[in-house]
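What the coordinates show
Here are the chains, one letter per residue:
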Amino acid sequence: MTLKRLSAFCLLLLCQIISAQKDSITSLKEVVVSDANLKKYSNSQSVLKLNDSIINKNEALLTDLLNFNSTIYFKEYGRGMLSTVAFRGTTASQTAVIWNGININSQMNGSTDFNTISGSDYNSVSVKAGGGSVIYGSGAVGGTVHLNNDLAFYKRFENSLKLDYGSFNTIGINYKTNISNDKWSAQIGFSKNSSTNDYKYIHKRNWKGGQRWNQNGQYDIITINANVGYKFDTKNSLKLYSQTSNTDRNTSLISESETKTRYVNGFNRNLLEYDGDFGKFTTNIKGAYIFENYQYYGNISTNNFTYGKTESFITKADLGYQISKSTQVNAILDYNRTKGYGSGFGDHVREISSTALLVKQELSADWKNEFGIRKEFTDNYESPVLFSLGSSYQFSKLYNLKLNLSRNFRIPTFNDLYWETGGNPNLKPENSYQAEVGNVFTFRNISLTQTFYYMKIKDLLQWIPGSNGIWSPQNTDKVNSYGAETLLSWKKQYGKNYFAANATYAYTASKNDDTKKQLFYVPLNKVTGSVSYSRNRISAYYQFLFNGFVYTRADNDPTEIINDYNVSNIGIDYDFKFLNTFKLGFQVLNLLNKEYESLEYRPMPGRNFNMYLTLKF
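Residues numbered from 1 in each chain as written. Predicted model: local features only at pLDDT ≥ 70, side-chain atom pairs only at ≥ 80, totals over all residues. Heavy atoms only, no water.

1. Describing the overall build of the protein
Counting secondary structure elements, the protein contains six helices and 37 strands. Its C-alpha atoms give the protein a radius of gyration of 25 Å, near enough to 25 Å, the size a compact globule of 617 residues would have. The dimensions of the protein, computed from C-alpha atoms along their principal axes, are 95 × 60 × 45 Å. Pairs at least 24 residues apart make up 61% of the contacts formed inside the protein by residues separated by at least 6 positions. Just so you have it, the protein exposes about 28900 Å², and 59% of that area is on carbon and sulfur atoms. Where the 67 positive side-chain charges of the protein centre and where its 52 negative ones centre are 8 Å apart. (Helix = DSSP H or I, 4+ residues; strand = E, 2+ residues; numbered from the N terminus. Rg over C-alpha atoms; globule rule 2.2 N^0.38 Å. Contact = heavy atoms within 4.5 Å. Areas by Shrake-Rupley, 256 points an atom, 1.4 Å probe, with all protein chains shown as cover. Lys, Arg positive; Asp, Glu negative; His and termini not counted. Charge placed at Lys NZ, Arg CZ, Asp CG, Glu CD.)

2. With respect to the confidence of the model for the protein
Residues at a pLDDT of 70 or more form 95% of the protein, whose mean pLDDT is 91. Predicted confidence is poor over residues 1-27, with pLDDT under 50, and the contacts of this stretch with residues over four places away or in other chains come to one contact. (pLDDT = per-residue confidence, 0-100.)

3. Structural notes on the packing of aromatic side chains
Enumeration over the complete set of coordinates arrives at 27 aromatic pairs. Considering the side-chain rings of Tyr263 and Tyr296, the 6.5 Å spacing of their centres and the 55° angle between planes classify their relative orientation as tilted. Taken as a pair, Tyr263 in strand β17 (residues 261-278) and Tyr296 in strand β18 (residues 281-297) lie far apart in primary sequence, 33 residues in all. The class for Tyr263 is partly exposed, based on a relative accessible area of 25%. Through a chain of ring-to-ring contacts, the aromatic side chains of Trp367, Tyr393, Phe395, Tyr399 and Phe441 assemble into a single cluster. (Phe/Tyr/Trp six-rings, centres within 6.5 Å; stacked < 30°, edge-to-face > 60°. Buried < 20%, exposed > 50% of the residue type's maximum accessible area, 1.4 Å probe, protein only.)

4. Thoughts on the pattern of salt bridges
The tally for this structure, following the rule as stated, stands at 22 salt bridges. Across the pair Lys428 and Asp459 runs a salt bridge whose closest N-O atoms are separated by 3.6 Å. One end of the pair, Lys428, is in the loop between α6 (414-418) and β25 (430-443); the other, Asp459, is in the loop between β26 (446-458) and β27 (461-465), and 31 residues separate them in sequence. By relative accessible area, which is 16% here, Asp459 ends up buried. Note that Arg553 and Glu560 form a salt bridge whose closest N and O atoms lie 3.5 Å from each other. Three or more residues joined by partner-sharing salt bridges are found here, namely Lys239, Glu273, Asp275 and Lys286. (Salt bridge = Lys/Arg side-chain N within 4 Å of Asp/Glu carboxyl O.)

5. Re unusual backbone geometry
Look at Asn216: it is not a glycine, yet its phi comes out positive at around 65°. If you trace the backbone, Asn216 turns up in the loop between β14 (211-213) and β15 (219-231). Owing to a relative accessible area of 6%, Asn216 belongs among the buried residues under this scheme. A positive phi angle, near 50°, is found at Asn590, a position not held by glycine. Classification of Asn590 as buried rests on a relative accessible area of 3%.

6. Some thoughts on the nonpolar core
Grouped together as the largest cluster of nonpolar side chains are 31 residues, with contacts concentrated most on Leu62, Leu66, Phe114, Val125 and Leu147. Of all the elements in the fold, those that place two or more residues in this core are β2 (47-50), α4 (62-67), β5 (95-99), β7 (124-129), β8 (143-148), β9 (151-153) and β18. When neighbours within four sequence positions are excluded, Leu147 is seen to be in contact with Leu62, Val97, Ile98, Trp99, Asn100, Ile104, Ile117, Tyr122, Ser124 and Val125. The next biggest cluster of nonpolar side chains, apart from the first, holds 16 residues, and it includes Leu38, Ile332, Ile352 and Leu386. (Core = buried A, V, L, I, M, F, W, Y, C linked by side-chain atoms within 4.5 Å.)

7. A closer look at the environment of Asn590
Turning to its location among the elements, Asn590 is positioned in the loop between β36 (581-589) and β37 (608-616). If we ignore the near neighbours within four places in the chain, the residues touching Asn590 are Val567, Ser568, Asn569, Tyr596, Pro605, Gly606 and Arg607.

8. Section: the sheet that holds β2
On the basis of which strands lie adjacent, the open sheet formed by five strands has the order β2-β7-β8-β5-β6 and mixed pairing. Strand pairing shows two members of the sheet lacking a second neighbour, β2 and β6 (102-103), which therefore form its edges. Sheet analysis places β5 next to β8, joined by five bridges and oriented parallel. What sits directly across from Thr95, in β8, is Gly143. (Pairing = 2+ DSSP bridges.)

9. Comments concerning the side chain of Asn178
Tracing the sequence through the fold places Asn178 in strand β11 (residues 170-180). For Asn178, a relative accessible area of 14% gives the class buried. Of the polar contacts made by the side chain of Asn178, one reaches the side chain of Arg156; its length is 3.4 Å. Not counting residues within four places of it along the chain, the set of residues in contact with Asn178 comprises Arg156, Phe157, Glu158, Ala186 and Gln187. (Polar contact = N/O pair within 3.5 Å; in protein donor to acceptor, adjacent residues only side chain to side chain.)

10. Looking at the environment of Thr508
The topology assignment puts Thr508 in strand β30 (residues 497-512). For Thr508, a relative accessible area of 9% gives the class buried. Sequence spacing of Thr508 and Lys456 is 52 residues, and the spatial spacing of their C-alpha atoms is 13 Å. When sequence neighbours within four positions are dropped, the list of residues in contact with Thr508 reads Arg88, Gly89, Tyr453, Ser481, Tyr482, Gln518, Val522, Pro523 and Leu524.

11. Observations concerning the environment of Asn475
For Asn475, the position within the fold is in strand β28 (residues 471-475). Assessed through its relative accessible area of 21%, Asn475 is described here as partly exposed. Separated by 46 residues in the primary sequence, Asn475 and Pro429 place their C-alpha atoms 8.3 Å from one another. Not counting residues within four places of it along the chain, the set of residues in contact with Asn475 comprises Leu427, Lys428, Asp459, Leu460 and Leu461. Within the structure, Asn475 has its side chain in polar contact with the backbone oxygen of Asp459 (distance 2.8 Å).

12. Some details on the pairing of β11
Regular strands have side chains that alternate between both faces of the sheet. Where strand β10 (residues 156-166) and β11 come together, eleven bridges link them in antiparallel fashion. Residue pairing for β11: Gly166 is matched across the bridge by Thr170. Turn length for the β10-β11 hairpin, with the two strands adjacent in sequence and antiparallel, is three residues, and the turn residue Phe168 shows positive phi of about 65°. In the sheet, β11 pairs with strand β12 (residues 184-195) via ten bridges, with the strands oriented antiparallel. Looking at β12, one finds that Ser180 is bridged to Ser185. The turn linking β11 back onto β12 is made up of three residues.

Structure (structure tokens):
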């Protein structure tokens, strides 16, 4: 009997293996990534990828997704208001945001407002720690955030609709459709996020003793996406990415007596891309048009406003050649023409040309090396020669060692150079040297990445008051930043029960080289964590965020700090299995009703709720 059972088991196992092999061949689905260099030249650095399942567990705006799932620290001027980052102790302008391979940081102020972007508009969001200026240009100093719309070429017609309704009359709508075959691929999406945002401030009263609440905090964000790809044959393809967005929001009041203001900004991005594969020789040619604008109303009771606009035309040719089986070379030529005009900085044009050389070498299956060099040419400033050098060695299945050394920079913005009454046309780019060591441990269902880094920044741009009382940007400080980052993930299945856990930790010491003081609004410690469980139709999760205290003054006055805080969220949903997916979910945000703020005098909401419906058909 035992022999019969063993034979039957072996036969069943053989059938499963044969079936699995057959499935792997017939169900192979081709997906064309929107940023090939992210994967190709990132072997020596840490990349955290957040896919659909993680994106859908968080609130719509990108700030919430990254705040609870990465080592990046955020400063928010209130819920839904302006949101800026500090990555590895750098400034908001030293983290580059990359949209399908194109740097989209504002040409006016050099940064990106993460509360104007919805994470659900993308297939995935990736966070790459460390310098990346050789590939992505200005601002890629502390790290880069990648927004990817990958196109799939297989037969499908898929639709997804997510509807949210939460506290403070918060409404979210996100619709996406994917239509494709082996020749065509199209993605069309629409998202809308709005809120009256009138939450109460915990334990805060006005001078009359009345409850204080978030006044003038309304916001409305609308984004439309359209992406199309066509494969002429197996070696040639053409892709078009297009995105339009408009954000209309008031700005929350610090005191009830303040004048109510309003800020409207938007963008239009269009990218046409050609890929060609000719054996050892490959080509990738991009042409992009990016338009951004803003209007600021100093008093919402009037129609008077200040404004700013920029138009950027970008052409980029990436020519690759496979020298040998182990060595690949890419030469990149880039031209960027930006015209800026506005009530604050006049009418100016900036033209930047650059050339870069990237080399990737795989000496063996375990040892991979990367090298890159870049030089920019423009009349507006003197650009340094940038470089990156990295190596990755897989000692065993358990341990991978990564080393990286790079020089990175950030160019002066239109505001820095041309702001009327204060702009400084003689500025130099900020530049930095950075070294890091990464240790990746993998054991069964556990993955642990531990990275240590050191960064030296000089010619840091800061706006300082002059002798005439007018503020003006100057290349002033030098900054030394060092620290450690930890990424941990675990997955396990027990029968029909699925468990997953993720955690991040960042220790960041970022100090002025002269005063030896920690930079203000840079926490020494940040921790995030999440656990999730699913079985059959039900799934649940819990996540938390801890931010250590931050100084709010350059002299590190211990009485002028924002206290540490921790915030927890919990959620559960049930799939009724109508259509492909019919999920009804409920979330409790700030579960423990904590009083906290990430910026002075900008309280965040207490315990609040959100429910959602997700349909896939």
